[in-house]
Amino acid sequence: MPFSSLASPLDVQLRPDGPALLHVDPPDDAPRWAGEHREALRAQVAEHGALVVRGLGLRDTGQVGAVFGRLAGDLMTEREAFAPREAHGRGLYSATPWPANQPMCMHHELSYQLQVPGLMLFACLTAPEQGGATAVADAEEVLRALPGALTERFERDGWILTRSYNDEIGASLTESFGTGDRAEIERYCRANAIDFRWQPDGSLRTEQRRNAVVRHPATGRRCWFNQIAFLNEWTLAPEVREYLVDVYGADGLPFNTRHSDGTPIEEDVVQLINSTYEAHTRREPWQAGDLLLVDNIRTAHSREAFTGERQVLVGMAEPVRPADDCAATEASER
C-alpha cells in the first residue's frame, strides 16, 4: 500500500481552496526531521490526498534527494516520459519543461503506464515571481462531478494514448525508453502492452489502451485516473496545435488521446474535463524551501503559468498497479 493510515499528531491547516498545509520550525537537519516524522506526514497524505510542508528550508539537490529518500525510500526511474527532464541523481528530476506562459493542465503522473507512482514528491528551490503553483484536484470528487454518460463510457471502454516519436518534439526514444536499441524498445513495449510500428524513416509510433477509472489501492475508492485531457490535441494552445498538425499531420502528432475504438475525442469533451478539474482545483503558491507530497492515484496535479525563474524538483516513488476493472468489481459486489 502506498500510504500509512496511522493517526497523525501534526497540526495541519485545512483550507477549502488549498491543499493541507503544515508549518514547521526550520530543523537543523531536514532529512533527519523527515525520517522522524515520516509516518505522521504520510498519514496526512493518506487522509487529505496532498500536503504542503513549509519551513524545511530546502536549499539544494543533495538535501532534497536525502529528504525524498527518508520519506519514500528508493525513487523510481522515469520511463515513457513525454518530455525530457534534467536528472539530478537517481530518481531525482527537474520539473517537466513546459513554456512558462502556458499552464500544464491537471493530470496523474504516468497514468498511461501499467505501473504508476503511488507517491509524488515535489520540492521548490526557487519560487517564481508570480504564478507557477503546483495545484491539486481530488480525483474522487472529479469523477463524481463529471457527467455519468461520459465517465461510464470511459470506465467501460478505457482510452487510447497514441505517440509519434521524433527528434524535434518531446522526449527522444532514448530519453523515453532509457535505450536507443530497437530490440530493447520492442521488448519493453511487449512487456507493457504497447502496440508499436516502426516507420520507414526509422521513427516509432505507439498506441496503448488504458483504464480511465481505477480503484485506489488503499481505500478501494473509484478515482478518475488518466491523462485523457492533458495529452489531447485540444488542450494544446490553438497556435501550437495548428503548427503540429500542419507539420506532422493529424495522425502523426507527438502525442494524442482517443476513444477506445480509435475515434477522436471531441473538443467539447476535453474542455468539459478541464473545466471540471478547474472547478475542483486547490492551489498554494510556492515558497522557496517548500515540500509537497501528493497521492498520485487520488490526487491530480498541474503546473500553472508563471513569470520569473522557477526551480522545482520531482521524485516518483512506490510503484503500484492500481485495481482497474471497476465496472466488473462493482458488478460482483452487487
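Report on the accompanying structure. Every value quoted in this text rests on a predicted model; they were computed, and no experiment measured them.

Thresholds, definitions, all that
Residues numbered from 1 in each chain as written. Predicted model: local features only at pLDDT ≥ 70, side-chain atom pairs only at ≥ 80, totals over all residues. Heavy atoms only, no water. Helix = DSSP H or I, 4+ residues; strand = E, 2+ residues; numbered from the N terminus. Rg over C-alpha atoms; globule rule 2.2 N^0.38 Å. Buried < 20%, exposed > 50% of the residue type's maximum accessible area, 1.4 Å probe, protein only. Pairing = 2+ DSSP bridges. Axes fitted to C-alpha atoms, helices over the stretch in contact; angles between N-to-C directions. Contact = heavy atoms within 4.5 Å.

A short note on the overall build of the protein
In step 1: Assigned secondary structure in the protein consists of 10 helices and 19 strands.
In step 2: In terms of overall dimensions, the protein is globule-like: its C-alpha atoms have a radius of gyration of 20 Å, near the 20 Å expected for 334 residues.
In step 3: Along the three orthogonal principal directions, the C-alpha set of the protein runs to about 60 × 50 × 35 Å.
In step 4: A total of 334 residues make up the protein; the buried ones form 53% of that total.

Some remarks on the sheet that holds strand S9 (residues 159–165)
In step 1: Spatial strand order, S10-S11-S9-S14: four strands in an open sheet with antiparallel pairing. Strands with a single pairing partner mark the edges of an open sheet, and in this sheet they are strand S10 (195–198) and strand S14 (255–259). Sheet twist, expressed as the mean angle between neighbouring strand axes with direction ignored, is 15 degrees.
In step 2: As paired strands, S9 and S14 are joined by five bridges and run antiparallel to one another. Bridge pairing in S14 links Thr162 to Asn256.

Notes on the environment of Asp17
In step 1: Structurally, the position occupied by Asp17 is in the loop between strand S1 (13–15) and strand S2 (18–23).
In step 2: With a relative accessible area of 52%, Asp17 lands in the exposed category.
In step 3: Linking Asp17 and Val136, residues 119 residues apart in sequence, is a C-alpha distance of 10.0 Å.
In step 4: The contact partners of Asp17, leaving out residues within four places of it in the chain, are Arg282 and Arg283.

So, the sheet that holds strand S19 (residues 311–320)
The strands making up a sheet associate through hydrogen bonds between their backbones, and the pairing can be parallel or antiparallel.
In step 1: Spatially, S1-S2-S3-S16-S6-S19-S4 is the arrangement adopted by the seven strands of the open sheet, whose pairing is mixed. Here the strands that pair on one side only, and so sit at the sheet edges, are S1 and strand S4 (92–94). Recorded for the sheet is a direction-independent mean angle of 25 degrees between the axes of neighbouring strands.
In step 2: Against the sheet, helix H2 (residues 38–48) touches S1, S2, strand S3 (50–54), strand S6 (116–126), strand S16 (291–295) and S19, its axis set at about 135 degrees to S3.
In step 3: Running over the sheet, helix H3 (residues 61–72) touches S4, S6, S16 and S19 and is turned about 150 degrees from S6.

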